[in-house]
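# Structure at a glance
Given next are the chains, with one letter for each unit.
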Amino acid sequence: MMRAAFVDATPSLADIMRRLHRADDLPVAIHEDPDITPEALPALLKDVEIAIDDHTAFPVDVVKRCPSLKHIVFLGTGARSYMDPEALEAECGVKVHIIKGYGDTAVAEMAYALMWAAARGIGHMHHEIAGGGWPRTEGMQLTGKTVGIIGFGGIGAEMARLCNGAGMKVLAWNRSAKTHPGVTFTDIDTLLAESHVVSLHLLLNDETRGFLSAERLAKMRPGALFVNTARGAIVDEPALIEALRSGHIGGAGLDVFVEEPLPAGHPIAALSNVTLTSHSAFRTPEATDNLLEAALVHCRRILRDGA
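Residues numbered from 1 in each chain as written. Predicted model: local features only at pLDDT ≥ 70, side-chain atom pairs only at ≥ 80, totals over all residues. Heavy atoms only, no water.

Right, let's get into the packing of helix α1 (residues 11–20) against helix α11 (residues 285–305). Two elements in contact, α1 and α11, have axes separated by 10 Å at closest approach and are oriented at 55°. It follows from the interaxial angle that α1 and α11 lie oblique. Regarding α1 and α11, the two cross each other, and that crossing is right-handed. On α11, the residues that touch Leu 13, Ile 16, Met 17, Arg 19 and Leu 20 of α1 are Thr 288, Asp 289, Leu 292, Glu 293, Leu 296 and Arg 300. Residue composition of the contact of α1 with α11, by class: six nonpolar, one polar and four charged. (Axes fitted to C-alpha atoms, helices over the stretch in contact; angles between N-to-C directions. Helix = DSSP H or I, 4+ residues; strand = E, 2+ residues; numbered from the N terminus. Parallel < 35°, antiparallel > 145°, perpendicular 65-115°, else oblique. Left-handed = near helix turned anticlockwise from the far one by under 90°. Contact = heavy atoms within 4.5 Å. Nonpolar A, V, L, I, M, F, W, Y, C, P; charged D, E, K, R; others polar.)

Rendered as structure tokens:
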């Protein structure tokens, strides 16, 4: 019998996995240690064919010491932040599976919330009031404004739905041609120049790393807002910080960063025109249920098809 191990479950994820696991599923050993290190994986994965991974790195040299391992089911789309899928398959014979679509609505709702927070300076006012101040800053009214969505997968489509409902004009750019009701697709330079808000929804890979370069950020409409719930490395972070300092980008709502957790004293945290959240856009009970159910579906398919 093929076996699986959830290598880095938090207590809440462990509870959900136990609830969703069916009697006819392959056995899943749930290791409740979200702080497990890669060096501990070979012992944990002895005689295990499938690893379910939430956030633990799987370096090639470690996976080479896990001879039974054939599959890694990564809980989300950002596996490349923790491993090199092509190298693992080529050098170790281990296939990496990602999960898309489980949190499209949850992530879009966070992007939408960050957009409004950036538009009205909510983060800045909160901290000033908590410190005894009483700022009354002028914000951007979003009804009738243009939002530009970069990357039009499931999350981008949900963001478009929400923004259409708010009376915004929606532009979008996607790497492949698409059409969608209520959305005007255009080239990236036009989107950057015309959008009052730019919301990023690309997957991180070799093609998108650094996609929003200093040159592209400079093409944004002066004073526009920027929202990122995708991955920090898709943006030139130092250039973003400078654009926020200068006011060329009027404000930002950011859920993701190049280095996470965000280090103490990071310059982006000192800016008054940003609202920051801790890579939590996908964290809702509904999305988590979808995620772990999808992981079990992957395991069932691997058990059935062997691939």
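Following the structure, the description resumes.
A word on unusual backbone geometry. For the bond running from Glu 260 to Pro 261, omega is -5°, close enough to zero to count as cis. With respect to the secondary-structure elements, Pro 261 resides in the loop between β11 (249–254) and β12 (274–276). Located in the positive-phi region is Asp 47, a residue other than glycine, with phi close to 65°. Its place among the elements puts Asp 47 in the loop between α2 (41–44) and β3 (50–53). Judged by relative accessible area, Asp 47 falls into the partly exposed class, the value being 43%. (Buried < 20%, exposed > 50% of the residue type's maximum accessible area, 1.4 Å probe, protein only.)

Moving on to the sheet that holds strand β6 (residues 146–150). Taking strand neighbours across the sheet as the criterion, the seven strands line up as β8-β7-β6-β9-β10-β11-β12 in an open arrangement whose pairing is parallel. The open sheet is flanked by β8 (183–185) and β12, the only strands paired with a single partner. Pairwise comparison of adjacent strand axes, ignoring direction, gives a mean angle of 20° for this sheet. Note that strand β10 (residues 224–228) and β11 share five bridges and pair parallel. If you follow Val 227 over to β11, its bridge partner there is Gly 253. The strands touched by helix α5 (residues 104–120) are β6, β9 (197–200), β10, β11 and β12; relative to β10, the strand with the most contacts, the crossing angle is about 150°. (Pairing = 2+ DSSP bridges.)

Formed by 52 residues in total, the largest nonpolar core has its most connected members in Phe 6 and Met 115. Counting residues per element, this core draws most heavily on α5, which supplies nine residues. Setting aside anything within four residues of it in sequence, one finds Met 115 in contact with Leu 142, Val 147, Met 159, Cys 163, Met 168, Val 197, Leu 225 and Val 227. Counting 32 residues, the second largest nonpolar core, distinct from the first, contains Leu 202, Leu 240, Leu 244 and Ile 249. (Core = buried A, V, L, I, M, F, W, Y, C linked by side-chain atoms within 4.5 Å.)

A few words now on the environment of Gly 165. The topology assignment puts Gly 165 in helix α7 (residues 154–165). Separated by 152 residues in the primary sequence, Gly 165 and Leu 13 have C-alpha atoms spaced 33 Å apart.

With respect to the helices and strands, the residue Val 63 is situated in helix α3 (residues 60–63). Sequence spacing of Val 63 and Glu 91 is 28 residues, and the spatial spacing of their C-alpha atoms is 9.4 Å. In this structure Val 63 touches Phe 58, Leu 69, Leu 88, Cys 92 and Val 94, once residues within four positions along its chain are discounted.

With respect to the helices and strands, the residue Arg 300 is situated in helix α11. Once you skip the residues sitting within four places of it in the chain, Arg 300 turns out to touch Leu 20, Arg 22, Asp 25 and Glu 293.

Since one α-helical turn is 3.6 residues long, residues separated by three or four positions face the same way. When we look at burial in helix α4 (residues 85–92), the residues that qualify are Pro 85, Ala 87, Leu 88 and Cys 92. One side of α4 carries all its buried residues, which in axial view fall inside an arc of 165°. Buried residues along α4 sit in contact with α3, β4 (71–74) and β5 (95–97). Phi turns positive one or two residues past the end of α4, at Gly 93, with a value near 70°. (Arc of directions from axis to C-beta.)

Glancing now at the packing of aromatic side chains. Enumeration over the complete set of coordinates arrives at four aromatic pairs. Here the aromatic rings of Phe 74 and Tyr 82 are separated by 5.4 Å at their centres, their planes lie at 35°, and the arrangement is tilted. Measuring from centroid to centroid gives 5.1 Å for Phe 152 and Phe 185, while their planes differ by 75°, and the two rings are edge-to-face. In this pair, Phe 152 sits in the loop between β6 and α7 while Phe 185 sits in strand β8, placing the two residues 33 residues apart along the sequence. (Phe/Tyr/Trp six-rings, centres within 6.5 Å; stacked < 30°, edge-to-face > 60°.)

Every second residue of β9 is oriented toward a common face, with Val 197 and Ser 199 on one face and Val 198 and Leu 200 on the other, all of them buried. Relative to β9, β6 is paired through four bridges, and the arrangement is parallel. Residue pairing in the sheet places Ile 150 in a bridge with Leu 200 of β9. Bridge count between β9 and β10: four bridges; the pairing is parallel. Looking at the pairing, Ser 199 lines up with Val 227 of β10.

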